[in-house]
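# Coordinates in review
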Amino acid sequence: MKIALIGILVGIISGMFSAGGGLILVPVFVYILKLGEKEARATSLFCILPMVILTAIIYNKNNFIDWNLGIKCAIGGIIGGIIGGKLLNKIKDKYLQIAFILFLLYAGISTIMR
């Protein structure tokens with residue numbers, strides 16, 4: 001039941017803000033559900049996929065998607081995902097945690113500064 005509630009919360013945040021899947025799921029998986037860093041990231045991506053597809057369908061119905069931009073970015077995302085997936089196997093958990101924290105700090109500060 002707890003895991004389903006986490007999924008609902010993440011789905012709501014992801015649907016409203018187009019973010020939250022990885023930002024919420026990775027820490028939840030690591031600190032609450034006690035998964036390893038790499039397993040948490042991989043499981044997070046697996047969980048996010050259906051949320052993203054369904055949210056995109058809803059956004060498309062409301063004509064919110066710029067398809068030209070989205071397709072070009074998706075191609076880059078696929079390439080980056082392949083590279084990131086391969087790097088995940090080579091980077092120690094400690095460095096993944098540090099990189100994630102730095103990313104969150106950057107995202108938070110840049111959001112506040114806007």
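Preceding block: the structure.
As a starting point, this report considers the structure included with it. Just so it is clear, the structure is predicted and the values come from calculations on it, not from any experiment.

What follows deals with the overall build of the protein chain. Secondary structure summary: the protein chain contains five helices and zero strands in total. When the helices and strands of the protein chain are listed from N to C terminus, the series reads α-α-α-α-α. Counting over 114 residues, the protein chain shows a buried share of 18%. Counted over contacts in the protein chain with a minimum sequence separation of 6, partners at least 24 positions apart contribute 52%.

This part covers the layout of surface pockets. In this structure, the largest pocket occupies an estimated 1500 Å³ of space. What lines the largest pocket is a set of 36 residues, and nearest its centre among them are Gly-22, Leu-45, Ile-48, Val-52 and Gly-77. At the level of secondary structure, the elements contributing two or more residues to the lining of the largest pocket comprise α2 (21-32), α3 (37-61), α4 (67-88) and α5 (93-113).

Quick look at the side chain of Ser-44 now. Looking at the element boundaries, Ser-44 is found in helix α3. When its relative accessible area of 2% is taken as the criterion, Ser-44 is described as buried.

Now for a nonpolar patch on the surface. A cluster of nonpolar residues, Tyr-95, Ile-98, Ile-101, Leu-102, Leu-105, Ile-109, Ile-112 and Met-113, forms a patch on the protein surface that exposes about 900 Å² of accessible area. Checked against the element boundaries, Ile-109 lands in helix α5.

What counts, and at which threshold
- Residues numbered from 1 in each chain as written.
- Predicted model: local features only at pLDDT ≥ 70, side-chain atom pairs only at ≥ 80, totals over all residues.
- Heavy atoms only, no water.
- Helix = DSSP H or I, 4+ residues; strand = E, 2+ residues; numbered from the N terminus.
- Buried < 20%, exposed > 50% of the residue type's maximum accessible area, 1.4 Å probe, protein only.
- Contact = heavy atoms within 4.5 Å.
- 1 Å grid on protein atoms, 1.4 Å probe; cavity = no way out; pocket = protein on both sides within 12 Å on 5 of 7 lines; lining within 4 Å.
- Points joined across faces, edges and corners; volume = space filled by probe spheres on them.
- Patch = residues over 30% accessible without salt bridge, like charges linked within 9 Å, V, L, I, M, F, W, Y side chains within 5 Å.
- Areas by Shrake-Rupley, 256 points an atom, 1.4 Å probe, with all protein chains shown as cover.
- Salt bridge = Lys/Arg side-chain N within 4 Å of Asp/Glu carboxyl O.

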